[in-house]
Amino acid sequence: DISPDEPLVVDGPSAVRIAEAYSLGDAALRTFAPGEEPVLWPEHFDIAIEMGEVRANYGFSPGDAQHPEPYAYVGPWTAEVSGPLWPATAFRGAELTYAELLAAPDQRAAALDFFTTRKEALA
């Protein structure tokens, strides 16, 4: 745990990786939902949107206590989800690691597909 009064120390390569993840996330979210404005949520430091007939959060996290690297996620608000599309381990929903995105030939297309297939599954 980090105290809000302590400085947060981030090394250069980690800062670059987080910036790249935010850039990818912002571009993917704007393509996925052109009418929505991605927001950097201060309580989680995620870049995300909330949308859909069945409400859900769609976003990118820089990582957290359960995820040592950035990841994309879909978090349904009230829908009960299970099965292979919803394998998140720390919350009810879906997650895609940054390593999985980087392994894709087209990272933006992979993120867009991740968001789109979950939105369609919620419809």
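Everything numeric here is computed off the predicted structure, so don't read it as measured data.

A.B. asks: Break down the overall build of the protein chain for me, with residues and values.
C.D. replies: Within the protein chain one finds three helices and five strands. For the protein chain, the C-alpha radius of gyration of 14 Å lies close to 14 Å, the compact-globule estimate for 123 residues. The dimensions of the protein chain, computed from C-alpha atoms along their principal axes, are 45 × 30 × 30 Å. Counting every position in the protein chain, which comprises 123 residues, the buried fraction comes to 37%. Within the protein chain, contacts between residues separated by at least 24 positions form 41% of all contacts whose residues are at least 6 apart in sequence. Total accessible area on the protein chain is roughly 7300 Å²; 55% of this is exposed by carbon and sulfur atoms.

A.B. asks: A description of the pattern of salt bridges should follow, citing residues and the corresponding values.
C.D. replies: In the structure shown here, the tally under the stated rule is two salt bridges. Among the ionic pairs, R30 bridges to D26, the shortest N-O distance being 2.9 Å. With R30 and D26 both in helix α1 (residues 12-32) and four residues apart, the pair spans about one turn of that helix. Overall, D26 belongs to the partly exposed group, its relative accessible area being 21%. For the salt bridge of R30 with E37, the shortest nitrogen-to-oxygen distance reads 3.0 Å.

A.B. asks: Report on helix α3 (residues 107-122), specifying residues and quantitative values.
C.D. replies: With 16 residues, α3 should cover 22 Å at 1.5 Å per step; its first-to-last C-alpha distance of 23 Å lies within 8% of that length. The set of residues buried in α3 consists of A111, F114, F115, R118 and L122. Buried residues of α3, viewed axially, fall in a sector of 85 degrees; they line one side. Buried residues in α3 make contact with α1, β3 (56-61), β4 (71-76), β5 (94-97) and α2 (98-103). With a side-chain oxygen positioned 3.2 Å from the backbone nitrogen of R108, the residue opening α3 is D106.

Conventions we followed
Residues numbered from 1 in each chain as written. Predicted model: local features only at pLDDT ≥ 70, side-chain atom pairs only at ≥ 80, totals over all residues. Heavy atoms only, no water. Helix = DSSP H or I, 4+ residues; strand = E, 2+ residues; numbered from the N terminus. Rg over C-alpha atoms; globule rule 2.2 N^0.38 Å. Buried < 20%, exposed > 50% of the residue type's maximum accessible area, 1.4 Å probe, protein only. Contact = heavy atoms within 4.5 Å. Areas by Shrake-Rupley, 256 points an atom, 1.4 Å probe, with all protein chains shown as cover. Salt bridge = Lys/Arg side-chain N within 4 Å of Asp/Glu carboxyl O. Expected span 1.5 Å × (residues − 1). Arc of directions from axis to C-beta. Polar contact = N/O pair within 3.5 Å; in protein donor to acceptor, adjacent residues only side chain to side chain.

Any link to function would need more than the numbers given here.
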